[in-house]
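The residues making up each chain are set out below.
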Amino acid sequence: MAQDPYHIVCIEPRFPGRLGAIADWLVRRRGYRCWFYCNAFDPQAFWPPSAGAGLDVIKFEVGGVASEPQVYWTRNLERGLCYAYGCWEVLDGRRPRPVDVVLGRSAGLGSTLFAPITYPAAGVVNFMDGYLKPREHDITSELDKNTSVNYYAWRAAAGTMDLLDMENGAIPWTATRYQRDSYPAEYRDDFEVFFDGVDVRQFRRARPERPRMIARRMIPQDAKVVTFVARSLDRVRGFDRFLRLARRLEVEFPEAIFVVAGAPIVLRGLDLQFYATNYLERLIKESPLSDPSRYWFLGYVDRATIAEMLGVSDLHVAPGRTFFPPRSIAEAMSSECLILASDDEPTRELITNDVTGLLADSADPDALFERARAALRDLAAYRPLAGGAGEIARVRYDQDVVLPKLARIFDRLVEGDYARR
Amino acid sequence: MNILFIHQAFPAQFGGLGLELKRRHGWNVAYIYEEMTTCPAPTPEILNEIQHKCLDLTPDQRERGPMPWPQIQGRFLELCVAVRRALDDLGDFRPDLIVAHGGRGAPSILVEEVFKAPLLIYCEYYFAKAHKDISYRIDLPKTEPAEFFPRCINGPTILSLVHSAGGYSATHWQKSTFPQRFQPKIEVHFDGVDAELYKPNPNAPRVFGDKTIPPGVRVVTFVSRGLESIRGFDIFLKVARNISLRRQDVVFLVVGAEHVFYGWDQLRSGAMSFRDYCLQHVQVDLSRFIFMNHVPPEFLANVFAISDLHLYLTAPFVLSWSLLNAMSTETTILASDVDPVREVIEPGVDGLLEPLFDVDRLTERALEVLEDPAAFRPLGIAARRKILEKYSLNVAVPDLRDYFERMANQPRL
């Protein structure tokens with residue numbers, strides 16, 4: 001099996017984003033050299049180990065409408081094109097050589113669209129998140145009936161950049177079949193589908209003999225730790241459902257604590273009603289917590305902290321609306337968490353009910369509560385599910401299992417024998 | 001059957017077709033558009049017989065002018081919302097089928113919100129990254145947007161196709177420009193030449209404004225919506241200059257606006273029109289030229305009727321109606337040897353083809369025709385026969401009617 005190192009350009013609006021961990025693996029495990037082009041980056045504490053040691057981070061600026069703090073919905077693609085152009089300008093000016101492959105992720109913004117102008121011979125692989133349908137999934141069924149037609153039009157056109165990328169030769173890659181099937185039927189056969197990988201060395205169960213800690217904070221010895229993880233605490237990921245559940249569990253289980261990771265500000269434009277607001281603050285204001293000391297809101301934290309948190313979790317709850325599955329479920333599986341998640345198509349792709357986790361109708365507060373209560377009452381009885389989840393994660397989601405598939409795609413691209421599906 | 005057309009312009013492709021469907025088959029026809037055009041202008045019959053609704057746009061939205069390429073999709077989405085609003089103004093009209101132009105000017109992605117009727121897309125063209133359309137003329141000075149534009153201009157077209165039940169192109173070549181993944185969804189149905197209007201007329205007048213072309217003087221014609229490089233206006237001028245140096249008995253009739261509809265000619269010509277830019281670079285005796293702007297169809301039919309030679313020097317792009325109209329009029333045609341033209345003209349049988357960039361060969365062929373126009377008459381006769389058999393309204397309208405009915409009645413998934 002070829003394991004040749006390549007020179008790659010990664011393009012993602014923010015570093016490390018989703019590609020950072022992938023690039024890091026390719027650099028550290030396969031000897032790649034990577035130039036990572038981004039418009040913004042997280043603090044260096046969030047950067048992967050190879051940054052500066054084989055993985056160079058290069059910032060590009062954006063102009064035009066992309067430099068405005070808010071963009072009218074019709075100008076979504078225009079903003080993306082500004083990102084793609086801004087990246088191309090820096091790329092073309094610097095012209096790192098040689099470049100074997102371009103790996104990109106538009107994340108709803110810019111993309112690799114113009115990179116082939118500078119590197120016409122390099123293959124392009126784009127990691128894609130999914131395609132929105134105007135009136136299906138996530139929070140559409142809960143929208144006010146007077147919601148503007150503009151919102152549905154925005155949704156209908158939000159995936160244009162992905163379609164353009166594919167039409168311009170990018171090989172689409174996505175993490176799950178559900179995400180692939182969200183795209184128009186004409187495009188689905190093109191996709192490579194495999195998870196982008198969890199660092200199973202990082203996401204593993206904490207040793208039981210050691211004191212349990214999260215973010216340098218000691219967990220009381222007999223506490224039952226209930227966790228929730230999302231990039232931002234929003235309705236799409238079911239934070240409202242989680243909090244409602246936690247309030248009931250809080251009464252039932254005085255020893256339970258609730259650890260939440262995620263930015264309090266809603267970052268996803270899908271949720272028109274609460275976008276850019278502090279949703280956490282709003283929910284607590286509406287109904288104050290009876291014992292705030294039992295709620296640990298960590299904010300937006302690095303993967304190491306997430307790993308620490310999942311490593312000591314007794315019950316990880318992922319009660320999101322039907323949407324593209326969060327990577328934190330795979331991380332929780334890898335950490336051998338007992339997981340309680342929404343019983344919907346995307347989640348069922350990751351978790352088998354009563355085998356590798358618990359599924360429930362997350363829209364039904366009683367159903368969710370009953371499953372959580374049963375689990376917390378007898379955690380030992382449910383340990384086999386957590387163990388099963390860990391086993392599946394090691395087979396399906398371990399970086400060392402899945403990222404070689406990506407490397408093989410690169411091999412075929414470089415050798416010129418990549419056959420489109 | 002009730003059919004709704006959506007197009008940036010009215011009457012454009014669909015006006016005449018809608019009228020024929022109404023007249024011949026009793027269909028009810030509605031039409032939503034952004035702009036009523038003058039080329040061609042709607043006839044009184046079209047205005048009376050078709051329920052037409054102009055989009056309600058703000059002056060800002062209506063402002064025409066060059067649209068920066070990154071903003072084209074935004075404009076398309078604004079129009080999508082305007083079309084969505086216009087659907088509410090159709091009263092009791094409930095379409096069984098919706099047919100929309102699939103380009104950026106016929107925004108249809110929200111119609112499924114209102115009507116359950118299938119949406120068909122008129123697949124006129126899919127822009128290529130290279131070697132076709134505005135990317136073809138690499139002989140001209142390079143312009144900045146050239147590499148970026150084709151990578152994003154097809155966004156509205158792709159969205160329209162994704163939201164449609166199917167689509168059709170007028171020619172096989174047009175269909176072939178679309179991505180392979182959409183090919184099974186696209187059929188080929190021509191939209192029809194009016195062979196009654198465009199037919200030979202030995203008595204056609206030879207008067208153009210204050211100029212009369214005497215009998216015996218050879219007439220060379222060039223017709224294009226805009227006088228621009230994609231249709232080879234600059235090459236036409238070079239051929240015309242060469243012809244005029246060799247023959248004194250030739251007049252050149254040029255129909256078309258001093259406007260660039262496709263590509264970057266305006267960036268090349270700066271403040272002046274591309275026509276004037278070309279005239280500055282190619283010295284011709286302007287007294288031998290008659291330039292006309294857009295003309296009514298009846299006038300254009302006269303132009304073709306007196307033409308001894310029609311030059312059609314397009315880059316590989318959507319065929320102009322003018323080519324088929326000229327064929328229908330039995331005009332002898334010398335055209336560029338590119339795939340879309342080859343689909344309708346068999347060289348030496350119903351027209352003449354030469355390489356687009358070979359000005360010398362084009363000139364020699366043109367001079368052969370002008371030396372003895374009668375010797376080339378069989379080409380024109382064969383061309384009209386082909387139009388009557390394959391491309392006339394009498395052939396195209398029943399074919400489209402059958403296609404529309406089939407699509408309206410097919411079960412929806």
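About the criteria used
- Residues numbered from 1 in each chain as written.
- Chains lettered and ligands numbered in written order.
- Predicted model: local features only at pLDDT ≥ 70, side-chain atom pairs only at ≥ 80, totals over all residues.
- Helix = DSSP H or I, 4+ residues; strand = E, 2+ residues; numbered from the N terminus.
- Rg over C-alpha atoms; globule rule 2.2 N^0.38 Å.
- Buried ≥ 20, exposed ≤ 12 C-beta atoms within 10 Å, placed from the backbone.
- Pairing = 2+ DSSP bridges.
- Contact = placed C-beta atoms within 7 Å.
- Axes fitted to C-alpha atoms, helices over the stretch in contact; angles between N-to-C directions.
- Nonpolar A, V, L, I, M, F, W, Y, C, P; charged D, E, K, R; others polar.
- Expected span 1.5 Å × (residues − 1).
- Domains from an automatic or database assignment.
- pLDDT = per-residue confidence, 0-100.
- Parallel < 35°, antiparallel > 145°, perpendicular 65-115°, else oblique.
- Core = buried A, V, L, I, M, F, W, Y, C linked by C-beta atoms within 7 Å.

A.B. asks: Which residues make up the overall build of chain A, and what are the values?
C.D. replies: Within chain A, the regular secondary structure consists of 15 helices and 17 strands. Taking 22 Å as the expected radius of gyration for a compact globule of 421 residues, we find that chain A reaches 21 Å, a close match to that expectation. The principal-axis extents of the C-alpha atoms in chain A amount to approximately 60 × 55 × 35 Å.

A.B. asks: Talk me through the overall build of chain B; I want residue IDs and the actual numbers.
C.D. replies: When helices and strands are counted, chain B shows 16 helices and 15 strands. Rg of the C-alpha trace for chain B: 21 Å, near the compact-globule value of 22 Å for 413 residues, within the 12% margin. Viewed in the frame of its principal axes, chain B has a C-alpha envelope of about 65 × 45 × 40 Å. Per-residue burial over chain B gives 49% buried out of 413 residues.

A.B. asks: Residues and numbers for the sheet that holds strand β5 (residues 55-59) of chain A, please.
C.D. replies: Residues and elements named next belong to chain A. The strand order across the open sheet formed by seven strands is β5-β3-β1-β6-β7-β8-β9, and the pairing between neighbours is parallel. In this open sheet, the two edge strands, each paired with only one partner strand, are β5 and β9 (192-193). Here strand β1 (residues 7-11) pairs with strand β3 (residues 33-38) via five bridges, running parallel. Paired with isoleucine 8 across the strands is cysteine 34, a residue of β3. With respect to the sheet, helix α2 (residues 76-94) is in contact with β1, β3 and β5, its orientation differing from that of β3 by roughly 140°.

A.B. asks: Break down the interface of chain B and chain A for me, citing the residues and quoting the values.
C.D. replies: Each partner contributes to the interface: chain B provides 24 residues, whereas chain A provides 25 residues. Among the secondary structure elements, those contributing two or more residues to the side of chain B that touches chain A are α4 (72-87), α5 (149-152) and α6 (155-162) of chain B. Per-element accounting of the side of chain B that touches chain A gives the leading share, seven residues, to α4 of chain B. Of the residues contributing to the side of chain B that touches chain A, the split by class is 13 nonpolar, five polar and six charged.

A.B. asks: Help me get a handle on helix α1 (residues 12-25) of chain B, residues and values and all.
C.D. replies: Residue and element names in this part refer to chain B. Here α1 contains 14 residues, and its C-alpha end-to-end distance of 20 Å stays within 8% of the 20 Å for a straight helix at 1.5 Å per residue. Residues of α1 that are buried: Ala12, Phe14, Gly15, Gly16, Leu17, Gly18, Leu19, Glu20 and Leu21. Where the residues of α1 are buried, they touch β1 (2-10), β2 (28-36), α2 (44-49), β4 (97-101) and α16 (393-409). Remark: glycine 26 follows α1 within two positions and exhibits a positive phi of approximately 70°.

A.B. asks: Can you tell me about the sheet that holds strand β14 (residues 333-336) of chain B, naming the residues and giving the values?
C.D. replies: All names here are of chain B. The six strands are arranged β12-β11-β10-β13-β14-β15 in an open sheet whose pairing can be described as parallel. Edge strands, defined here as strands with exactly one partner in the open sheet, are β12 (289-292) and β15 (352-354). Adjacent strand axes in the sheet meet at a mean angle of 20° when their direction is disregarded. Two elements, β14 and β15, share three bridges in a ladder whose sense is parallel. Bridge assignment links alanine 335 to a residue of β15, and that residue is leucine 353. Helix-sheet contacts for helix α8 (residues 233-246) involve β10 (218-226), β11 (250-257) and β13 (309-312), and the interaxial angle to β10 is about 170°.

A.B. asks: Explain the domain arrangement of chain A to me, using residue names and the numbers behind them.
C.D. replies: Think of interface size as the accessible area that goes away when the parts come together; that is how it is often given. Residues and elements named next belong to chain A. According to the domain assignment, chain A contains domain 1 (7-197 + 398-415) and domain 2 (213-396). Just the C-alpha atoms count here: the centres of domain 1 and domain 2 sit 27 Å apart. Of the residues forming the side of domain 1 that touches domain 2, the biggest block, three residues, is contributed by helix α6 (residues 177-181). Per-class residue counts for the side of domain 1 that touches domain 2 are seven nonpolar, five polar and four charged.

A.B. asks: So what's going on with helix α8 (residues 239-252) of chain A? Which residues, and what values?
C.D. replies: Residue and element names in this part refer to chain A. In this model, α8 (14 residues) spans 20 Å end to end at C-alpha, consistent with the 20 Å of a helix rising 1.5 Å per residue. For α8, the complete set of buried residues consists of Phe239, Arg241, Phe242, Leu243, Leu245, Ala246 and Leu249. Packing partners of the buried residues in α8 comprise β12 (224-232), β13 (256-263), α9 (279-286), β15 (315-318) and α13 (365-377).

A.B. asks: Please set out the domain arrangement of chain B residue by residue, giving values where relevant.
C.D. replies: All names here are of chain B. Considered domain by domain, chain B is made up of domain 1 (2-192 + 392-409) and domain 2 (207-390). In this structure, domain 1 and domain 2 have C-alpha centres spaced 28 Å apart. Across the boundary between the two partners, domain 1 contributes 22 residues, which contact 23 residues of domain 2. If you tally residues by element for the side of domain 1 that touches domain 2, the top one is helix α7 (residues 172-176), at three residues. Residue classes in the side of domain 1 that touches domain 2 are distributed as eleven nonpolar, six polar and five charged.

A.B. asks: How would you summarise unusual backbone geometry if you had to cite specific residues and measurements?
C.D. replies: The step from phenylalanine 15 of chain A to proline 16 of chain A runs through a cis peptide bond, and the omega angle for that step is 0°. One can find proline 16 of chain A in the loop between β2 (14-15) and α1 (19-30). Cis geometry is found at the peptide bond from phenylalanine 10 of chain B to proline 11 of chain B, where omega equals 10°. Turning to its location among the elements, proline 11 of chain B is positioned in the loop between β1 and α1. In the Ramachandran plot, aspartate 133 of chain B falls in the positive-phi region, its phi being about 40° despite a non-glycine side chain. Looking at the secondary structure, you find aspartate 133 of chain B in the loop between β5 (119-122) and α5. Aspartate 133 of chain B sits in the buried class, given 22 other C-beta atoms within 10 Å.

A.B. asks: Tell me about the confidence of the model for chain B, and please be specific about residues and values.
C.D. replies: For chain B, per-residue confidence averages 93 on the pLDDT scale, and residues scoring 70 or more make up 98% of the total. For this predicted complex, the interface score ipTM comes out at 0.92, while the overall pTM is 0.94.

A.B. asks: An account of the packing of α1 of chain B against α16 of chain B is requested, with residue identities and associated values reported.
C.D. replies: Residue and element names in this part refer to chain B. Between α1 and α16, the shortest axis-to-axis distance is 10 Å and the interhelical angle comes to 80°. By the angle between their directions, the pair α1 and α16 is classed as roughly perpendicular. Across the interface between the two elements, Leu17, Glu20, Leu21, Arg24 and His25 of α1 pack against Leu393, Val397, Leu400 and Arg401 of α16. Residue classes in the contact of α1 with α16 are distributed as five nonpolar, one polar and three charged.

A.B. asks: Which residues make up the nonpolar core, and what values do they have?
C.D. replies: A general trend in soluble globular proteins is that nonpolar side chains are found buried together. Ile8, Cys10, Val102 and Ala153 of chain A together with Ile98 of chain B are the most contacted members of the largest nonpolar core, which has 191 residues in total. Excluding its chain neighbours within four sequence positions, the residues that come into contact with isoleucine 98 of chain B are Leu4, Ile6, Ser108, Val111, Phe115, Ala117, Leu119 and Leu120 of chain B. Counting 58 residues, the second largest nonpolar core, distinct from the first, contains Val198, Val200, Val226 and Ala360 of chain A.

A.B. asks: Can you tell me about the packing of helix α11 (residues 327-334) of chain A against helix α14 (residues 379-396) of chain A, naming the residues and giving the values?
C.D. replies: Residues and elements named next belong to chain A. Where α11 contacts α14, the two axes come as close as 7 Å, and the packing angle between them is 115°. Overall, the two elements α11 and α14 adopt an arrangement that is roughly perpendicular. Contact residues: Ala330, Met333 and Ser334 in α11; Ala389, Gly390, Ile392 and Ala393 in α14. Split by residue class, the contact of α11 with α14 holds five nonpolar, two polar and no charged.

A.B. asks: Pulling in residues and values, what's your account of the pairing of strand β7 (residues 123-127) of chain A?
C.D. replies: Look at any regular strand and the pattern is simple: side chains alternate between the two faces of the sheet. All names here are of chain A. Taking burial as the measure, the five residues of β7 include five buried ones, the bulk of the element. Pairing geometry for strand β6 (residues 101-104) and β7, over four bridges, is parallel. When the sheet's bridge partners are listed, leucine 103 is paired in β7 with valine 125. Here β7 runs beside strand β8 (residues 171-174); their pairing, made up of three bridges, is parallel. Bridging from a neighbouring strand, asparagine 126 pairs with proline 172 of β8.

A.B. asks: Explain the environment of valine 395 of chain B to me, and be specific about the residues and the numbers.
C.D. replies: Residues and elements named next belong to chain B. Within the secondary structure, valine 395 sits in helix α16. Exposure remark for valine 395: the 17 C-beta atoms within 10 Å place this residue in the partly exposed category. On a C-alpha basis, the gap between valine 395 and aspartate 191 in space is 9.1 Å, while along the polypeptide they are 204 residues apart. If we ignore the near neighbours within four places in the chain, the residues touching valine 395 are Glu389 and Lys390.

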